[in-house]
Amino acid sequence: MATLKSSFTVSPAISNPIRFGTFPPKCFIRVPNPPCLRRRLVLPKFRQTIGGGGLIRCELPDFHLSATATTVSGVSTENAVDQIQIPKGEMWSVHKFGGTCVGNSQRIRNVAEVIINDNSERKLVVVSAMSKVTDMMYDLILKAQSRDDSYLSALEAVLEKHRLTARDLLDGDDLASFLSHLHNDISNLKAMLRAIYIAGHASESFSDFVAGHGELWSAQMLSFVVRKTGLECKWMDTRDVLIVNPTSSNQVDPDFEESDKRLKKWFSLNPSKIIIATGFIASTPKNIPTTLKRDGSDFSAAIMGALLRARQVTIWTDVDGVYSADPRKVNEAVILETLSYQEAWEMSYFGANVLHPRTIIPVMRYNIPIVIRNIFNLSAPGTVICQPSEDDYELKLTTPVKGFATIDNLALINVEGTGMAGVPGTASDIFGTVKDVGANVIMISQASSEHSVCFAVPEKEVNAVSEALRSRFSEALQAGRLSQIEVIPNCSILAAVGQKMASTPGVSCTLFSALAKANINVRAISQGCSEYNVTVVIKREDSVKALRAVHSRFFLSRTTLAMGIIGPGLIGATLLDQLRDQAAVLKQEFNIDLRVMGITGSKTMLLSDIGIDLSRWRELLNEKGTEANLDKFTQQVHGNHFIPNSVLVDCTADSAIASHYYDWLRKGIHVITPNKKANSGPLDQYLKLRDLQRKSYTHYFYEATVGAGLPIISTLRGLLETGDKILRIEGICSGTLSYLFNNFVGDRSFSEVVAEAKNAGFTEPDPRDDLSGTDVARKVIILARESGLKLDLADLPIRSLVPEPLKGCASAEEFMEKLPQYDGDLAKERLEAENSGEVLRYVGVVDAINQKGTVELRRYKKEHPFAQLAGSDNIIAFTTTRYKDHPLIVRGPGAGAQVTAGGIFSDILRLASYLGAPS
């Protein structure tokens, strides 16, 4: 039999013993010198026998710290009287500095400077351990109980980190005093870790005791630094003050009454205007060291703020405040100026990096504001969490939704069956089973018919939950009272949070509209009657996209579009210049934010993550352009940034580009184009494209395919949508051919007019492309199909103006050289028309009654609207049941880069309007 006593002392001492916990009753140990931080530790007698290999077999009963009464400034702690009352109220400000704030010596100096510059009458400062130190301490415990000898070198690293920091911060007696305590603590920790190493086990109280040393060291160093400036400052081991009751949910509940008594006693012995207190650590009512668990230092600050009735609690961190969404997922997340307690609570529950909900409870009781500020950006005002007045709230409210948060890696469990309806206790049985498994239910949604209940749980727990439910309800499943217990994996939760959501009509509508327009399907919905949050369950793969979509809808411009421009030729370049000139006006006056994320030609493309500077797009395309890759280009515009609405604008005449429209629309990418190839191509592909457009929220606009910037397609749609019936569409819809026949007068030859138009740039490089009539035929097909006719290009008789012998000319030059030889035929037709008081016009006709179309050279009386055109104007006449006697006519410029680009631009703004921009 042997008895071992090991004595230590601690200041300030307390009269109650601190019980660490219990080793296993039988373990192989070499008797350690357990750490007790200068407190007296008494190990009772233990029984030992010699085991194999010379090891000592010990039976070690409980041991605890007992503190002998000591005095501070001649006052006994056991008989201390509250000679100095602690003042409470707004003279106190509480600060909390996290691990990154005290991560090194310079940062500790910065913290000291913030404390000194605070002009509050009294300050209590809560500090965390230096950055990563708490993790290092827990790693020591893990290594020791795993019997990994590297715990010794890891402990040496902890010592060295603090020794180097102290030497950089302190000197003289301060340094000697701190290093003495540090080495003593490390020596004691080494002894305790050795005991844990031999036992292969560490109780929770041992772990908490070891883990809390980082806060002790950082608090002591900071107090020395503040005192060096000449200010009065004391440091507090909060285990002597904060008393908490552990709960069954790995959390603790503060005992405010006992903590208040101990705070008063502590202050009577240590009066000071500046107190540096340890965060994270506390004691149980039995004086067993413990921690405040997750976000413990924030909780410490909130508790101290409540005990002192402080003016405010400032949480210093490494971000500028609370964001409207996770800035790692949403590039344009904004810092929120204010949050109510309830909003902060809701956002933190759903994973936002705000505060743990329990941090809010103590200060909320006394309406003490919490301010989140950035130690590395003192100019940023931060976010104030408080209970604002109605007037303040209305004044500062720009959107009823304050923020969005997501929780990933969830699964949805759906319990469904007609036997559930009206049966009391079904929900209780379901969630009682879930509780027995120990799973955490994140969200619950139930149909009002009681036919089904679904709820979200962490994916790692779903198998255990589903098995338990199937076991519990096996009889109901066999009898058919329950039809299924379904598991839907790979889910995420998206939560919208805002205190004013309840009193603002249309919030949910806006939320679901934004999700629908981003092609995101909602699996389940949950909303409390308080309406502080609306929660939806979505596919995990849609999580980021959904977050961006709803954030964009509420926080960015009402309509933000990511655009990709394909074909920066004449039309595309003109469009880009128009966008450049109008973008700022659209954003400021109409709340439409247009961002060109990519420009691609056939060989080179330019990509951007935030939007291309359109004032320099030509220069940037030349300097920073990369090899064109349409797939990569599409991915950049659609899936690699924070803007949920994406549109590809095809400014080419390329059928290969048009062949991608269906896939783009299917992926949720809107398409705008003047390219006629898709809508005049094979009928089955066109029908497939339009069918997809009708079934989705993805838009396909092509106003500029007929009439450039004239509202021809939209006019036709307006007629049809209002119930009118198309009888005939007839028009001059080629600017080139309009110009040719408007100028083919007098004694001018046709070849002369063609040459003039070519030189003026009114024709294609090869005029045969215009004279063949194919371009007009494509427009006729587009108008016919819009009218409901199912025509193909091959169905149209086309009057070609290219003489048959010249169709095979090897070049445009050869064609132009030989064209005068064939002027006679058209000259004869012109003469016949003039003799009859008529003019020649090249027109396209849709005959809806006879289900056909034609492209032909026709004669019109000189008083006819078609005969009165000038230049390259287009004209379209709609004959309908409403406009039968006097056709509806649309007339105006129908060719040229400016008007064509304007037509495309009009479609872009139309898309913005469909997506929610103000009209």
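In this text, all values refer to a predicted model and were calculated from it rather than measured experimentally. (Residues numbered from 1 in each chain as written. Predicted model: local features only at pLDDT ≥ 70, side-chain atom pairs only at ≥ 80, totals over all residues. Heavy atoms only, no water.)

Residues Leu124, Val354, Ile385, Phe404, Ile493 and Leu494 are the most contacted members of the largest nonpolar core, which totals 83 residues. Sorting elements by how many residues they give to this core places helix α8 (residues 296–308) first, with 8 residues. Judged by nonpolar contacts, the second largest core, of 67 residues, contains Ile643, Leu710, Val754 and Met816. (Core = buried A, V, L, I, M, F, W, Y, C linked by side-chain atoms within 4.5 Å. Buried < 20%, exposed > 50% of the residue type's maximum accessible area, 1.4 Å probe, protein only. Helix = DSSP H or I, 4+ residues; strand = E, 2+ residues; numbered from the N terminus.)

In this section: the side chain of Asp907. Tracing the sequence through the fold places Asp907 in helix α31 (residues 897–914). Looking at Asp907, the relative accessible area reads 2%, which means it is buried. Of note is the side chain of Asp907, whose polar atom sits 2.9 Å from the backbone nitrogen of Glu703. Excluding its chain neighbours within four sequence positions, the residues that come into contact with Asp907 are Ile672, Phe701, Tyr702, Glu703 and Ala704. (Polar contact = N/O pair within 3.5 Å; in protein donor to acceptor, adjacent residues only side chain to side chain. Contact = heavy atoms within 4.5 Å.)

This part covers the pairing of strand β32 (residues 645–650). By the criterion of burial, β32 is predominantly enclosed, with 6 of the 6 residues buried. Every second residue of β32 is oriented toward a common face, with Asn645, Val647 and Val649 on one face and Ser646, Leu648 and Asp650 on the other, all of them buried. Sheet topology note: the strand β28 (residues 559–566)/β32 ladder contains 6 bridges and is parallel. Considered in β32, the bridge of Met563 is made with Val647. Bridge count for β32 against strand β33 (residues 670–672) is 3 bridges, and the pairing is parallel. (Pairing = 2+ DSSP bridges.)

If you trace the 5 strands from one edge of the open sheet to the other, you get β37-β36-β35-β38-β39, paired in antiparallel fashion. One side of each edge strand has no neighbouring strand; the edge strands of this open sheet are β37 (852–861) and β39 (888–893). Here the strands of the sheet are splayed against their neighbours by 20 degrees on average, with no regard to which way each runs. Here 4 bridges tie strand β35 (residues 726–732) to strand β36 (residues 838–847), and the two strands are oriented antiparallel to one another. (Axes fitted to C-alpha atoms, helices over the stretch in contact; angles between N-to-C directions.)

Right, let's talk about the sheet that holds strand β19 (residues 338–340) for a bit. The strand order across the open sheet formed by 8 strands is β12-β15-β11-β10-β18-β20-β21-β19, and the pairing between neighbours is mixed. If you trace the sheet from one side to the other, it starts and ends with β12 (234–236) and β19, each paired once. Neighbour-to-neighbour, the strand axes of this sheet turn through a mean angle of 20 degrees, independent of strand direction. Note that strand β10 (residues 92–97) and strand β11 (residues 122–127) share 6 bridges and pair parallel. Residue Phe97 lies in a different strand from β11, and its bridge partner there is Val127. The strands touched by helix α7 (residues 256–269) are β10, β11, β12 and β15 (274–278); relative to β12, the strand with the most contacts, the crossing angle is about 150 degrees.

We now examine the confidence of the model for the protein chain. Taken residue by residue, the protein chain gives an average pLDDT of 86. The fraction at 70 or more is 88%. Scored below 50 in pLDDT, residues 1–82 shows 181 contacts in the model against residues more than four places distant or in partner chains. (pLDDT = per-residue confidence, 0-100.)

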